[in-house]
Protein chains: 2
Amino acid sequence: MFDKVVIVGVGLIGGSFALGLKAARAAGHIVGLERSSAALARARELGIVDAVSTSAQAALRGADLVLVAAPVAQTGAILANLTPWLEPHTIVTDAGSTKADVVRAARAALGERVGQFVPGHPIAGRETNGPDAALPDLYRGKKAVLTPLPENPAQSVERVAAAWRACGAIIHRLDPAEHDRVFAAVSHLPHLLAYALVDDIARKPHADLLFQYAASGFRDFTRIAGSSPEMWRDISLANRAALLGELDAYLAQLHGLRARLAAADGTALESVYANAQHARRAWIEAIEAAEQPLPPISGK
Amino acid sequence: MFDKVVIVGVGLIGGSFALGLKAARAAGHIVGLERSSAALARARELGIVDAVSTSAQAALRGADLVLVAAPVAQTGAILANLTPWLEPHTIVTDAGSTKADVVRAARAALGERVGQFVPGHPIAGRETNGPDAALPDLYRGKKAVLTPLPENPAQSVERVAAAWRACGAIIHRLDPAEHDRVFAAVSHLPHLLAYALVDDIARKPHADLLFQYAASGFRDFTRIAGSSPEMWRDISLANRAALLGELDAYLAQLHGLRARLAAADGTALESVYANAQHARRAWIEAIEAAEQPLPPISGK
């Protein structure tokens, strides 16, 4: 499917993409490119990539597909570094959690060649990171959202979609701004809320006593507060406008609940709780219905 | 250890207590008492209790220990129903998630005999409920918090502690008001926040689109919003003052974070996120260190 693929950032996300392509026999030759020579060496050792490079010029020679899998704040600098060596047929995509800012960075870096950049975001992850965390089936049955640009040839978008499909992902398409509003609500805001709660508790004088009695509900609620602070700082800033909108809506909701609680209005509280429980159950049932068992990825 | 134990409410919490006592051979005869004859029949069928009753008078004859395992708002009515039939040696305890209101209800119901009531709260649960959800090892390695009253004879407190220890629980003691402040922070507030988020999203016009892209982080963050709305309405109202205090502290925290986000202050955001990640890691490590492997409960 692809003769030569370049992975910029051979950690969990980029490494799993490489392993998924390899398992599907969809890539002839995979090159890892990044600044960290330790990560590159480890990725080579684990068989995630066939070759490694710290030079964009060398890595991009004859490349069909490039995946940029790095913190979103670095996307602009990475693309600026790649652009001089892009061949006319090379397609570049990314795996960033925000899209409007990535598109702005791509336009600035690629200029008239921005049509070669197809923005994407695979909805998958793990709590661990680095090449050792990479899995060939990380994307299996998961969504990969593409947010194509008007400048993207349909054929290029289809090539990127085919690469994610080879990794087992299900392709979705959104407008970049729509993407950012959706993920502000269902991902970025929950991360901010979980970080805020743990920080709030940790700063109380009796924090030790409180943590002593925190149990499984607290553990699950705050699991995402174990995520990388740098990565989530970048995502918060990159998607600031949409995140502020969602945060304001949530603050209004909390102030409303506070008033009901202060008034001891049990009926109103129960109505909010019951609506949430009902909506969450319907969501879980829809997920379970959509998760069809898939044949194993290997042995194709 | 106990000749006769009465379980008021033979669901997950009461049923697991009965099964734990049986597994430890700590109870001679266990009677289930509640209004729902279907739950009673099922508890009898599953061998959770040896006998069932819908009459407090009959059930309490010769009882050494009574556990009230019902929604906290019902505690007062249940205790009022039990009081006329309490024998002088009978000890009553409960499993309610709030304690100050339960103590108030107990004082009102038992009057001068309030010394016979030892308030308690086992920190364990499951997402399912009813007799079928009960497990003999639900409390194994978990905390059971007792909040004794000045009127409780030390010997009665020790008897209740021994019953929970027989179920594998680790005994902790708190003042009722302290208990309620602690659980407002680490349990009741997170429940309110999770319900609020799911309700907020479910009421948006594009809720279907949002739920479509919600993934595992959202699932864990909102797991507790799958809990019983009635139960959490009661807990919210019963612990209203402490919950309002925690909610106000959290709202102040969120308004502070909002200002930092609006100012694009990445350093301040990262500092909050990093403090939360660090505190959560330390907490998880402390939990793991405290969780010693225990010998199996059966075959004692």
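Note on numbering: residues in each chain are counted from 1, in written sequence order. The lettering of chains begins at A and the numbering of ligands begins at 1, in the order of writing. Where local features are concerned, this predicted model is filtered to residues with pLDDT of at least 70; where side-chain atom pairs are given and counted, the filter is 80 or more; whole-chain, interface and lining totals use all residues. Values shown for side chains rest on all heavy atoms present in the structure; no hydrogens or waters enter the calculation.

With an unreviewed UniProt entry as reference, chain A is termed Prephenate dehydrogenase/arogenate dehydrogenase family protein, source organism Massilia forsythiae.

### Brief notes about the domain arrangement of chain A
Residues and elements named next belong to chain A. To keep things clear, this is the line we draw: Reported domain spans reflect what an automatic or database domain assignment gives. Summed over both partners, the accessible area (1.4 Å probe) lost when two parts come together is defined as the buried area. Salt bridges are defined by distance alone: a side-chain nitrogen of Lys or Arg within 4 Å of a carboxyl oxygen of Asp or Glu. Under this definition, polar contacts are N or O atom pairs within 3.5 Å; protein pairs additionally need one hydrogen-donor-capable and one acceptor-capable atom, and for neighbouring residues in sequence, both atoms have to be side-chain atoms.
Each domain of chain A was delimited in the assignment, giving domain 1 (2-174) and domain 2 (178-290). Taking only C-alpha atoms into account, the centre of domain 1 sits 31 Å from that of domain 2. Buried surface at the junction of domain 1 and domain 2, summed over both partners, amounts to about 1100 Å²; 67% is from carbon and sulfur atoms. Joining domain 1 to domain 2, the criterion identifies zero salt bridges. At the boundary of domain 1 and domain 2, one finds three residue pairs in polar contact (both at pLDDT 80 or more).

### Notes on the relation of the copies chain B and chain A
Quick reminder of the rule: Superposition of the copies was done by least squares, using only C-alpha atoms of residues whose pLDDT is at least 70 in both. Whether two residues are in contact is decided by their heavy atoms: any pair within 4.5 Å suffices.
After a rotation of 180° and a shift along the axis of 0.0 Å, chain B superposes on chain A with an RMSD of 0.0 Å. What the rotation and shift describe, once combined, is the action of a two-fold rotation axis. Looking at the rotation axis and the C-alpha trace of chain B, the residue lying nearest is Phe221(B), at 2.0 Å. Both copies share a contact surface, since 100% of the interface residues of chain B are interface residues in chain A too.

### Topic: the nonpolar core
The condition that has to hold: Side-chain atoms within 4.5 Å link the members of a nonpolar core, which is a set of buried Ala, Val, Leu, Ile, Met, Phe, Trp, Tyr and Cys residues. Burial classes: relative accessible area under 20% of the type maximum marks a residue as buried, over 50% as exposed, and values in between as partly exposed (1.4 Å probe, protein chains only).
Leu82(A), Leu254(A), Leu82(B) and Leu254(B) are the most contacted members of the largest nonpolar core, which totals 135 residues. With residues near it in sequence (within four places) discarded, Leu82(A) still touches Val8(A), Leu33(A), Ala56(A), Leu60(A), Val66(A) and Val68(A).

### Overview of the interface of chain B and chain A
Here is the rule we go by: The helix count covers DSSP runs of H or I at least four residues long, the strand count covers runs of E at least two residues long, and both are numbered beginning at the N terminus. Each residue is assigned to one of three groups, with Ala, Val, Leu, Ile, Met, Phe, Trp, Tyr, Cys and Pro labelled nonpolar, Asp, Glu, Lys and Arg labelled charged, and all others, Gly among them, labelled polar.
Each side of the interface is counted separately: chain B has 84 residues, and chain A has 84 residues. For the pair chain B and chain A, the summed buried surface comes to about 8000 Å²; carbon and sulfur atoms form 67% of the total. When the buried area of chain B at its contact with chain A is split by residue, Tyr213(B), Tyr273(B) and Trp283(B) rank highest and sum to 10% of it. One can count eight salt bridges joining chain B with chain A. Put simply, Arg233(B) and Glu270(A) hold a salt bridge, and the shortest N to O gap is 2.4 Å. For the interface between chain B and chain A, the tally reads 37 residue pairs in polar contact (both at pLDDT 80 or more). Among the secondary structure elements, those contributing two or more residues to the side of chain B that touches chain A are strand E8 (143-146), helix H7 (176-202), helix H8 (207-213), helix H9 (216-221), helix H10 (229-238), helix H11 (240-262) and helix H12 (266-290) of chain B. Across the side of chain B that touches chain A, the residue classes break down as 50 nonpolar, 15 polar and 19 charged.

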